[in-house]
Amino acid sequence: MKSLPYLSLVYLVYLTLGLSACSSSGDEVPLAHPNVLFISIDDLNDWVSPLSGHPQTVTPHLAKFAEEAVNFSRNYCPSPGCNPSRSALLTGLHTYTSGMYSNYQEWRKVPKLQAVKTIGQHFRENGYYTAGAGKIFHYTQVDTLGWDAYFPSIKKPMPDDNFPTTRPANMPRFKYMYGMFDWAGLPISDEETGDFSSVNYISEQLNKKHDQPFFLACGIYRPHVPWYVPQKYFDRFPLEDIQLPKTMDADTNDLGNVAKELISRGGNYHKHVIEAGEWKKAIQGYLASVSFADEMVGRLLDKLANSPYADNTIVVLWSDHGWQLGEKMHWRKFALWENVIRTLMMFKVPKGIEQMPAGSMNGKSTANLTSLMDIYPTLVDLCQLPPRADFDGRSLRPILENPDTILQRPIITTYDYGSYSIRYDKWHYIRYIDDSEELYDLSEDPEEWHNLAIRAEFNTIKQELAQHIPTNPIDLPEVSLIDLQEHHVPPFKSKAYFFSQERKDWMQRFEEVAK
């Protein structure tokens, strides 16, 4: 552990004096290096109450935290896949800057990322005690240099979980199906789940006395599939009351070839869910898992509120990307539509820190377009760590101080190499690797049912938005690719590869299953 003695001394003095300590003149002593509680939730879409995406979602703890924090209600992920989204957030470099585009890469083998300081490393090397639990980076692709302690261990970052005796419990297997695509209520308690173990470990950290400021990261795995959570969460959503997502007949008729391929990706999940009569059960499973994740968040935030660190800890809560459950006949992530790329992000900054003495303007939602890429530079700013000139995000401190402050900018999301989403103002523009396009006016068409890209009167808008697409994105480095399993869809490594016979041969395996 590389700690700075001065920083530790300052922190000890601060703890001795307390947050409300005063100098001899009666002035409060500001804190230069606040603690950080960093909470991630996997595969959480915009159905949660702070984002008002589904009328049946039960997330009281997230709703409560939205009243205690600044809610970034128009926030977006760098990529709709766990690995590229998390790697980008945690290294500060967007996908097109690093070449880290896909779940099927090893981020530590991406040449551009090998010399980059992760968020854990940056805090640890500048005097912070860093500890984590659960999924922060993608499964076993851990950041071995970023942590003083990790639960269960640095080489096994995710605790064991419970499964039904017989699997699949509900969703019949089809060829090339991802094996964890299933749902069931289990006869277990919260305490018997892996996520509870992660939350409990970080809670124990909050009960300890620390002689350094800390950076604590808790990765909550649900609502990532499989949706196996205690039965009591399923009971909150009676099957007969489940509401299906909004859909429109012929919604996909105005989409291009790549979009249609994404819909039928991996054997056409929607077709098989419908044929199995599992659509409502799947939604029940997702809502139950979201409710369970909300309970875990609430438990952890309660621990912080009742700890000695309640008034000197920044809290940032985020989800890596969204998820679809039949909208556009699409399931899972891996797409560029709004409710796949829109993600939860909330910040709470305590009063009394040097960089923001008044704290964040809590209980407000901001209309600004923001990105998960903004988390790392914001924390570096607020905690006064050495700045980095290569961040692809920006500090959100001006918005935290006043959420009504408007900072106009485009927000970029990529899918693999060469496919882009541009969010700007009310517009959502998508251009895929084959140059097919989509354009939506979200103020008039929030469900993205009407593709305006095919209409000539919107050509000027398309051209303006297309100017924000990176002109020189880094190639996907083949050295970083993992061995593909038979159900995997190979990433778009380049435009030439996308149109290659090699890829056509691989994709042919899914065609019969999708029919």
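Note that this is a predicted model, so its numbers are computed, not measured. (Residues numbered from 1 in each chain as written. Predicted model: local features only at pLDDT ≥ 70, side-chain atom pairs only at ≥ 80, totals over all residues. Heavy atoms only, no water.)

Our next topic: the pairing of strand β16 (residues 437-441). The buried fraction of β16 amounts to four of the five residues, a majority that puts the element mostly inside the structure. Note: strand β15 (residues 427-431) against β16, five bridges, orientation antiparallel. The residue bridging H428 from the neighbouring strand is Y440, located in β16. Taking the residues between adjacent antiparallel strands as the criterion, β15 and β16 are bridged by five residues, where D435 takes a positive phi near 75°. (Buried < 20%, exposed > 50% of the residue type's maximum accessible area, 1.4 Å probe, protein only. Helix = DSSP H or I, 4+ residues; strand = E, 2+ residues; numbered from the N terminus. Pairing = 2+ DSSP bridges.)

What follows is about the pattern of salt bridges. Summed over all chains, the structure comprises 26 salt bridges. A salt bridge links D190 to K232; the shortest N-O distance between them is 3.4 Å. Here D190 is found in the loop between β5 (183-186) and α6 (194-207), whereas its partner K232 is found in helix α7 (residues 231-235), with 42 residues between them in sequence. Look at K232 and you get partly exposed, because its relative accessible area is 45%. One continuous salt-bridge network, built from bridges that share partners, spans D42, R86, K135 and D320. (Salt bridge = Lys/Arg side-chain N within 4 Å of Asp/Glu carboxyl O.)

Below, the discussion takes up the packing of aromatic side chains. Summed over all chains, the structure comprises 29 aromatic pairs. Both rings, one in F163 and one in Y228, keep their centres 5.7 Å apart while their planes meet at 80°; by these two values the pair is edge-to-face. Remark: Y228 occurs in strand β7 (residues 227-230) and F163 occurs in the loop between β4 (149-151) and β5; sequence separation between them is 65 residues. Seen from their ring centres, F498 and F499 are 4.9 Å apart, and the 85° between their planes marks the pair as edge-to-face. Among the aromatic side chains, those forming a connected cluster through ring pairs are W47, F174, F181, W183, W227, Y269, Y286, W323 and W331. Lying across the ring of Y497, K493 places its NZ or CZ 4.1 Å from the centre. (Phe/Tyr/Trp six-rings, centres within 6.5 Å; stacked < 30°, edge-to-face > 60°. Lys NZ or Arg CZ within 6 Å of the ring centre and 35° of its normal.)

Below, the discussion takes up helix α2 (residues 60-68). Among all positions in α2, only L62, F65 and A66 are buried. Projected down its long axis, α2 shows its buried positions confined to an angular sector of 110°, all on one face. Along its buried surface, α2 packs onto β1 (35-41), α10 (279-305), β8 (313-319), β11 (345-348) and β12 (364-371). (Arc of directions from axis to C-beta. Contact = heavy atoms within 4.5 Å.)

One can find Q56 in the loop between β1 and α2. On the basis of relative accessible area, Q56 is assigned to the buried category, the value being 17%. A polar contact is formed between the side chain of Q56 and the backbone oxygen of D241, at a distance of 2.6 Å. Of note is the side chain of Q56, whose polar atom sits 2.7 Å from the backbone nitrogen of Q243. Not counting the four nearest positions on each side in its chain, Q56 is found in contact with F237, D241, I242, Q243 and L287. (Polar contact = N/O pair within 3.5 Å; in protein donor to acceptor, adjacent residues only side chain to side chain.)

The next subject is α10. Each α-helix turn comprises 3.6 residues. Residues three or four places apart therefore point the same way. Over its 27 residues, α10 runs 39 Å from end to end, which matches the ideal 39 Å to within 8%, given 1.5 Å per residue. Within α10, 20 of the 27 residues are buried, which leaves it mostly tucked inside the rest of the structure. (Expected span 1.5 Å × (residues − 1).)

Attention shifts here to the packing of α2 against α10. Closest axis-to-axis distance for the α2/α10 pair is 7 Å, and the angle between their directions is 50°. Our classification of the angle between α2 and α10 gives oblique. In this structure, α2 contributes P60, H61, L62 and F65 to the contact, and α10 contributes D294, E295, V297, G298 and L301. In the contact of α2 with α10, the residues fall into five nonpolar, two polar and two charged. (Axes fitted to C-alpha atoms, helices over the stretch in contact; angles between N-to-C directions. Parallel < 35°, antiparallel > 145°, perpendicular 65-115°, else oblique. Nonpolar A, V, L, I, M, F, W, Y, C, P; charged D, E, K, R; others polar.)

The next thing to look at is the sheet that holds strand β2 (residues 70-76). Spatially, the eight strands line up as an open sheet ordered β4-β3-β6-β1-β8-β11-β2-β12, and their pairing is mixed. Two strands bound the open sheet, and with one partner strand each, they are β4 and β12. Across this sheet, the average inter-strand angle for adjacent strands is 15°, counted without regard to direction. Sitting on the sheet, α2 touches β1, β8, β11 and β12, and the angle it makes with β11 is about 50°.

So, on to the nonpolar core. In this structure, F38, F123, F215, W337, F347, I375 and L379 are the most contacted members of the largest nonpolar core, which totals 80 residues. For this core, the leading source of residues is helix α12 (residues 375-382), giving five residues. Judged by nonpolar contacts, the second largest core, of 66 residues, contains I39, L206, F237 and A288. (Core = buried A, V, L, I, M, F, W, Y, C linked by side-chain atoms within 4.5 Å.)

Our next topic: unusual backbone geometry. For the peptide bond that leads from F151 to P152, omega is -5°, which places it in the cis range. At the junction of V225 and P226, the peptide bond is cis and its omega measures out at 5° in the coordinates. Looking at where P226 falls in the secondary structure, it is placed in the loop between β6 (214-220) and β7. Non-glycine residue D435 carries a positive phi angle of around 75°. Within the secondary structure layout, D435 lies in the loop between β15 and β16.

Okay, the sheet that holds β16 next. Strand order in the open sheet made by the four strands is β13-β14-β15-β16, with antiparallel pairing throughout. In this open sheet, the two strands that pair with only one neighbour each are β13 (411-415) and β16. Neighbouring strand axes in the sheet, compared pairwise and without regard to direction, differ in orientation by 15° on average. Across five bridges, strand β14 (residues 419-424) lies against β15 in antiparallel orientation. Directly across from Y420, in β15, lies its bridge partner R431.

With that out of the way, let us pick up the confidence of the model for the protein chain. The predicted structure's coordinates, where accompanied by low pLDDT, should not be read in detail. Within the protein chain, residue pLDDT values average 93, and 95% of them lie at 70 or more. Segment residues 1-6 is flagged for pLDDT under 50; beyond a separation of four residues in sequence, or across chains, it makes 15 contacts in the model. Overall, residues 12-26 carries pLDDT values under 50, and its contacts beyond four positions in sequence, including any with other chains, amount to 19 contacts. (pLDDT = per-residue confidence, 0-100.)

Glancing now at the packing of helix α9 (residues 265-275) against helix α16 (residues 501-514). Where α9 contacts α16, the axes come no closer than 7 Å and their chain directions differ by 15°. The angle between α9 and α16 falls in the class roughly parallel. In the packing of α9 onto α16, the handedness of the crossing is left-handed. Here G266, G267, N268, K271 and H272 of α9 come into contact with α16, specifically with F510, V513 and A514. Split by residue class, the contact of α9 with α16 holds three nonpolar, four polar and one charged. (Left-handed = near helix turned anticlockwise from the far one by under 90°.)

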